[in-house]
Amino acid sequence: MADLLDHAARSALMARIRSADTAPELFVRRFLHRAGYRYRLHARDLPGRPDIVLPKYATCIFVNGCFWHAHAGCAYARLPKTHTAAWSDKLRKNVARDRRSRRALLAAGWRVIDIWECGIKDVSDPDLSWLPSLVEAEGAGRVVWPKRPRKAKPAARKSRRR
């Protein structure tokens, strides 16, 4: 299947994709701030450049996009139908890089929390009440949320226009 957009249009579209300050990330940041936590953003001095770093609690939080980080079994992580070899290679490298950075953080004594986009996106009221207890827990370790990926995208809402 050929790409429906020309090179310039596709390039402009891809340039608009954000790597920081995404809606799921902002949701998690607002939750933590309301709960009284203060944090650093996108710490360049740590492996993997975590989205949120809570140095006081030695905790790093990654808010992962399901597509870009190839969330296994998730409806948002489907491989594109065009240029599948290139996309497959890119996503495989992203997953390998994520694995290396998580391993390095754990070895350095950090607690790593991975929050997937599907746990927040299109959910009317995502429940992050579990997060403060994990942030304040003792010792290094890794937690992934949600435990099970979303199997299907939610149905599109009907337009209210007549």
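Residues numbered from 1 in each chain as written. Predicted model: local features only at pLDDT ≥ 70, side-chain atom pairs only at ≥ 80, totals over all residues. Heavy atoms only, no water.

### Considerations on the sheet that holds strand β4 (residues 111–116)
So, step 1. Strand order in the open sheet formed by 5 strands is β1-β2-β3-β4-β5, and the pairing between neighbours is mixed. Single-partner strands in this sheet number two, and they are β1 (40–41) and β5 (141–145).
So, step 2. For strand β3 (residues 59–64) and β4, the ladder comprises 6 bridges, and the chain directions are parallel. For Val63, the partnering residue across the bridge sits in β4 and is Ile115.
So, step 3. The strands touched by helix α2 (residues 23–34) are β1, β2 (52–54), β3 and β4; relative to β3, the strand with the most contacts, the crossing angle is about 145°. (Pairing = 2+ DSSP bridges. Helix = DSSP H or I, 4+ residues; strand = E, 2+ residues; numbered from the N terminus. Contact = heavy atoms within 4.5 Å. Axes fitted to C-alpha atoms, helices over the stretch in contact; angles between N-to-C directions.)

### Examining the pairing of β3
So, step 1. In terms of residue burial, β3 counts as a mostly covered element, since 6 of its 6 residues are buried.
So, step 2. Residue alternation in β3 divides its side chains into two sets, Thr59, Ile61 and Val63 and Cys60, Phe62 and Asn64, and both sets are buried.
So, step 3. Where β2 meets β3, 3 bridges bridge the pair, whose relative direction is antiparallel. For Ile52, the partnering residue across the bridge sits in β3 and is Ile61.
So, step 4. Linkage of β2 to β3, two consecutive antiparallel strands, is achieved through a turn of 4 residues, within which Ala58 is found at a positive phi near 50°.
So, step 5. Between the parallel pair β3 and β4, the chain is carried across by helix α3 (residues 84–107), and the sense of this crossover is right-handed. (Buried < 20%, exposed > 50% of the residue type's maximum accessible area, 1.4 Å probe, protein only. Right-handed = clockwise from strand over helix to strand, strands pointing away.)

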